[in-house]
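# Breakdown of the fold
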Amino acid sequence: MGTPPSQNGTIDVKPSDLHRVSGGVASQQTVMDKGAKSLLDDLHKYPDAGGYGTSPQALATSYVKVGNRFLEVWAKSVVSIGGAAVGFTSTANAYAKAEAVNDPTGKAKPVVQPLPKVIEKPPAYGSVPNLKWGDDDGGDDFIRRLLEWVPEPVRDVLRPVVEHAFRMGKVAEVYPFPQQHYLASLSKAWMASTTSLSTAESGLTGNVSSITQQTNSEWHDAMRQFCSSLWGTTAWGKSRENYQWKHDSSSSQTATHPVMTVLFDTAQKVSDLLYEFAEAAVYLNREVWDVYIEAVRDAIPKVEVNLKDGVGMDDVKGLVKGVAKGVAKGASQLGQGIVLNMDTAKLNSIVTEYNRRVDALVPKLDALMAPLDEAHRSAPKFEAQEARAEGFGMRALEDFKDSQVWLKVDSTGKYDLNLAANEYMENGHTLDKHVGKTDEQLAQRLRDQQVNGPTQAWPYGKPYPGAASSFPDYQRAQELTSTTSTRTRPPSRRGSRARRRRKTARSKTSTRPRRTARSAAAACSSSRSTRTTRCPGTSRAASTPRRTTSPASTQESGTTAAVTRRSPS
């Protein structure tokens, strides 16, 4: 799967490798999309599973709320994967074109691929089916099984009486009863959904690992960071809701993929809670059955035969004869018998215990919402992950060495900053921190990235609005951090791949000292300055995005903080 290593154990990433990885990443989006649809298909097979009653309906309400949020987070994760796939192909195509332009023979043709067809907007999967009962005939199966051993003539008489008895006491509050087999099947469906999550996570990590030189600490660190960012981590992430939201690194002992982990844990916990609901349903059905079956047996009059000892064909003939002689009188006696012999107190205690078990499940379901909400805020947009893939892909093509294309100066002295080639290099972070952030994610950063710690005036720390800024996408970020008037020609390939593979030291191509060049680039691309900055050696002012305020606020401090967004000047 990986790029074949050379004899000295290193890898040489080419545009074709990024095309391959792009296809592999896109395929994992398909895995995720099908996983959500398969889950819903399975859930729709078992409607009205929860039965009737105040407690089951409260549980059903929480179940729908959690299930729908789960699907919304899942949908956003599908989009994140698609953005990464597109970003890798875009980078590979741009790099291939640059190499062809710089071919000394002028005969090279760039090998490019069309952008993969991926899902760019969160799919609307719809709602999970409600567990609560939607019909009024759910008890028929219970009554049918209750009377199936009774011969038909007596069954016809008993049926309306038993149905009437179902309206007695607390049994009426939970009738129709929950369907334990349906609940067990729903539990299995939720557990099965974790397979898609595990498959996608493994596939994504494997594809990105295949273009990573594991022995290069910076490269490996960037790979771990990129893979974790796919699942909602950030450079400023904190530990919240018992999940770690900070970028993974090569020093991390375990992978930090919080959005995936929240989805996985939620599916498991919903599965477990539905199984507990099914066990409560088994208890209710079994205990109520025992009370009713005893009452029915005791209520049947002895008309020439004793039904408690079983019924044969000869007995049935005698029974029919007896019933035919006085069916009206028999029906009246049966009704009185069942009512008089029903252990109402025991039935009420059974229902009370059942409701207690179901009520205990509701707060456990509700507790799943906070991690899901944090995952929903954190899942990266399509544009964010596309930009990150551009950065990681470009640096991989450059073997994570000091890039020769990250900054160049044209004949007029204007600077052209290549954000993708600058990512990860000496804390280059524009694509990771400042592209494709939602209003919620900007507010999230204000919440998580405080300065000076808590004070009496700022109990949660003072927010730092200058840090929370965003460009809408990679293309706009590139335009607004570059002072080059045109971007039509590909990046210069000074220091070609062939020369970099030579044992001799590469020639220094920068026309200025490295520190001076990077200082100029930093001045052009500063994400915190709102003033117009003139770059050294340029004939015009660099275009910098202006900040506008958003109504988003930090709720923890009880004060409104202006969330800064980047918009075109």
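Residues numbered from 1 in each chain as written. Predicted model: local features only at pLDDT ≥ 70, side-chain atom pairs only at ≥ 80, totals over all residues. Heavy atoms only, no water.

Quick look at the overall build of the chain now. A count of helices and strands for the chain gives 19 helices and eight strands. When the 569 residues of the chain are sorted by exposure, 51% land in the buried category. Taking the intrachain contacts of the chain between residues at least 6 apart in sequence as the baseline, contacts between residues at least 24 apart amount to 78%. (Helix = DSSP H or I, 4+ residues; strand = E, 2+ residues; numbered from the N terminus. Buried < 20%, exposed > 50% of the residue type's maximum accessible area, 1.4 Å probe, protein only. Contact = heavy atoms within 4.5 Å.)

Relative to each other, helix α7 (residues 217-229) and helix α13 (residues 382-397) sit at 165 degrees, their axes nearing to 11 Å. Judged by the angle between their axes, α7 and α13 are roughly antiparallel. Crossing handedness for the pair α7 and α13: left-handed. Here E218, W219, A222, M223, F226 and S229 of α7 come into contact with α13, specifically with Q385, R388, A389, F392, R395 and A396. (Axes fitted to C-alpha atoms, helices over the stretch in contact; angles between N-to-C directions. Parallel < 35°, antiparallel > 145°, perpendicular 65-115°, else oblique. Left-handed = near helix turned anticlockwise from the far one by under 90°.)

Scanning the entire structure with this criterion turns up 20 salt bridges. For R356, the salt bridge identified is with E353, shortest N-O distance 2.8 Å. Remark: E353 and R356 occur in helix α11 (residues 344-366); sequence separation between them is three residues, near one turn of the helix. Overall, R356 belongs to the partly exposed group, its relative accessible area being 49%. Close ionic contact of E383 with K381 constitutes a salt bridge, the shortest N to O distance being 3.9 Å. A relative accessible area of 30% means that K381 is categorised as partly exposed. Here the salt bridges share partners, and the residues they tie into one network are R240, E374, R377, R447 and D448. (Salt bridge = Lys/Arg side-chain N within 4 Å of Asp/Glu carboxyl O.)

At a minimum axis separation of 4 Å, helix α5 (residues 180-192) and helix α6 (residues 194-209) run at an interaxial angle of 5 degrees. Relative to α6, the element α5 lies roughly parallel. Contact with α5, carried on its side by W190, M191 and A192, involves T194, T195 and S196 of α6 and no other residues of that element. In terms of residue class, the contact of α5 with α6 is made up of three nonpolar, three polar and no charged. (Nonpolar A, V, L, I, M, F, W, Y, C, P; charged D, E, K, R; others polar.)

Now for the environment of N422. Of note, N422 is situated in helix α14 (residues 419-422). The class for N422 is buried, based on a relative accessible area of 15%. When the C-alpha atoms of N422 and G391 are compared, they prove to be 7.6 Å apart, with 31 residues separating the residues in sequence.

Further remarks concern the nonpolar core. Grouped together as the largest cluster of nonpolar side chains are 107 residues, with contacts concentrated most on Y63, W74, F88, L183, W190, F226 and F392. Here the element with the most residues in this core is helix α2 (residues 54-101); it accounts for 19 residues. Residues contacting Y63, with those up to four places away along its chain left out, are L43, V128, P129, L131, W190, V270, L274 and L365. (Core = buried A, V, L, I, M, F, W, Y, C linked by side-chain atoms within 4.5 Å.)

Moving on: the packing of aromatic side chains. The tally for this structure, following the rule as stated, stands at 11 aromatic pairs. An angle of 55 degrees between the planes, with centres 5.6 Å apart, marks the rings of F70 and W74 as tilted. Pair noted here: F70 and W74 are both in helix α2, with a separation of four residues, about one helical turn. In this structure, F70 and W74 share a single accessibility class: buried. When the ring of F70 is compared with that of W190, the centres are 5.1 Å apart and the planes differ by 65 degrees; the resulting orientation is edge-to-face. Here the residue F70 occupies a position in helix α2, and W190 occupies one in helix α5, the gap between them amounting to 120 residues. Ring pairs connect the aromatic residues F88, W219, F226, F392, F400 and Y424, which therefore count as one cluster. The ring of F400 carries the charged tip of R395 above its face, separated from the ring centre by 4.5 Å. (Phe/Tyr/Trp six-rings, centres within 6.5 Å; stacked < 30°, edge-to-face > 60°. Lys NZ or Arg CZ within 6 Å of the ring centre and 35° of its normal.)

The subject of this paragraph is the confidence of the model for the chain. Counting all residues, the mean pLDDT for the chain is 76, and 64% of those residues have values of 70 or more. Across residues 334-340 the pLDDT falls below 50, and counting only partners more than four positions away or on other chains, this stretch makes 14 contacts in the model. Across residues 483-569, confidence stays below pLDDT 50; counting only partners more than four residues off in sequence or on other chains, it has 188 contacts. (pLDDT = per-residue confidence, 0-100.)

Below, the discussion takes up the side chain of E201. Within the secondary structure, E201 sits in helix α6. What E201 contacts, discounting residues up to four positions off in sequence, is W231, H257 and M260.

We now examine helix α16 (residues 439-448). Most of α16 sits out of view: eight of its 10 residues are buried. Residues of α16 that are buried include every one of Q441, L442, A443, Q444, R445, L446, R447 and D448, and no others.

The next point concerns empty space enclosed by the protein. In the structure shown here, the tally under the stated rule is four cavities of 30 Å³ or more. Estimates place the volume of the largest cavity at around 80 Å³. Looking at the largest cavity, the residues that line it are S229, G232, T233, T234, W236, S378, P380, A384, R388, K437, Q441 and Q444. Looking at the lining of the largest cavity, the elements with two or more residues in it are α13 and α16. Broken down by class, the residue content of the lining of the largest cavity amounts to three nonpolar, seven polar and two charged. (1 Å grid on protein atoms, 1.4 Å probe; cavity = no way out; pocket = protein on both sides within 12 Å on 5 of 7 lines; lining within 4 Å. Points joined across faces, edges and corners; volume = space filled by probe spheres on them.)

Okay, unusual backbone geometry next. Following Y175, the chain continues into P176 via a peptide bond in cis, with omega recorded as 5 degrees. Residue placement: P176 occurs in the loop between α4 (152-165) and α5. Look at D48: it is not a glycine, yet its phi comes out positive at around 55 degrees. Since its relative accessible area comes to 16%, D48 is described here as buried. Even without a glycine there, the phi angle at D399 is positive, about 60 degrees.

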